[in-house]
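Residues per chain are reported as follows:
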Amino acid sequence: GESVGLHLPTLSVQEGDNSIINCAYSNSASDYFIWYKQESGKGPQFIIDIRSNMDKRQGQRVTVLLNKTVKHLSLQIAATQPGDSAVYFCAENGSGGGADGLTFGKGTHLIIQP
Amino acid sequence: KAGVTQTPRYLIKTRGQQVTLSCSPISGHRSVSWYQQTPGQGLQFLFEYFSETQRNKGNFPGRFSGRQFSNSRSEMNVSTLELGDSALYLCASSEGTGGEKLFFGSGTQLSVL
């Protein structure tokens, strides 16, 4: 079946820099995308979501960009802080509109260097 | 509002046993979904319940089952445990269905020996 994937399993950034986490999806029928942050020992925490009728959405220090032409999703974190260290997952709702649950990527581990 | 609560936090079982995990959703949320998380397979959808009815089911064997009660609390059961069932089992709740804006609990870490 089709799945969501991430380009890099690990991303290391300097504290204070901006972080960009990428995600490629293959299911062109997906119309809803979501980013989660998972810290060690915790469940995934909702960060931001976006529908396919949008190409950009901003939250507090985070921005999600959606490029449907190349089926690419990215999460930008401004002024990265030590508390941003976690594994980040993108997810899509698939061709069934979420009927098969969310399909998650493998995750990118964001490491913050002092 | 209290978040999604899962119990127990940790569980150790042996092969062949069965296990029941519990989940209390966020107040007002009527949908509860269950996911399995392993290092090798990542997060995989098990099933979703809404108003006490199973709406969707992932690609897992019949040993995995669940139910939802009238207060939206949910349980999942795994019978005849196998070593490969060792995983973090995550429950998520949402206001509606379709996987949108799922809010996850901290999970139950199941180890099968």
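The structure reproduced in this document is the subject of the present report. (Residues numbered from 1 in each chain as written. Chains lettered and ligands numbered in written order. Predicted model: local features only at pLDDT ≥ 70, side-chain atom pairs only at ≥ 80, totals over all residues. Heavy atoms only, no water.)

This part takes up the pairing of strand β5 (residues 42-50) of chain B. Each regular strand shows side chains that alternate between the opposite faces of the sheet. Residues and elements named next belong to chain B. Counting buried positions along β5 gives 7 out of 9 residues, so the element sits mostly inside the fold. Sheet topology note: the strand β4 (residues 31-38)/β5 ladder contains 8 bridges and is antiparallel. Of the residues in β5, the one forming a bridge with S31 is F50. Two successive antiparallel strands, β4 and β5, enclose a turn made up of 3 residues. Here β5 runs beside strand β6 (residues 53-57); their pairing, made up of 4 bridges, is antiparallel. (Buried < 20%, exposed > 50% of the residue type's maximum accessible area, 1.4 Å probe, protein only. Helix = DSSP H or I, 4+ residues; strand = E, 2+ residues; numbered from the N terminus. Pairing = 2+ DSSP bridges.)

Moving on to the interface of chain A and chain B. The interface of chain A with chain B comprises 21 residues on the first partner and 21 residues on the second. In total, about 1600 Å² of surface goes out of reach between chain A and chain B, with carbon and sulfur atoms giving 51% of it. Among the residues of chain A in contact with chain B, A:P44, A:L102 and A:F104 are the three that bury the most area, contributing 26% of the side total. For A:R51, the salt bridge goes to B:E100, with nearest N and O atoms at 2.5 Å. At the junction of chain A with chain B, the criterion picks out 8 residue pairs in polar contact (both at pLDDT 80 or more). Only β4 (32-38) and β5 (45-51) of chain A provide two or more residues apiece to the side of chain A that touches chain B. Of all the elements, β4(A) adds the most residues to the side of chain A that touches chain B, at 4 residues. In terms of residue class, the side of chain A that touches chain B is built from 9 nonpolar, 7 polar and 5 charged. (Contact = heavy atoms within 4.5 Å. Buried area = accessible area lost by both parts, 1.4 Å probe. Salt bridge = Lys/Arg side-chain N within 4 Å of Asp/Glu carboxyl O. Polar contact = N/O pair within 3.5 Å; in protein donor to acceptor, adjacent residues only side chain to side chain. Nonpolar A, V, L, I, M, F, W, Y, C, P; charged D, E, K, R; others polar.)

Attention now goes to the pairing of strand β9 (residues 87-94) of chain B. Residue and element names in this part refer to chain B. The buried fraction of β9 amounts to 8 of the 8 residues, a majority that puts the element mostly inside the structure. Here β9 shows a buried face lined by A87, Y89, C91 and S93 and a second buried face lined by L88, L90, A92 and S94. As paired strands, β4 and β9 are joined by 7 bridges and run antiparallel to one another. The residue of β9 that forms the bridge with Q36 is Y89.

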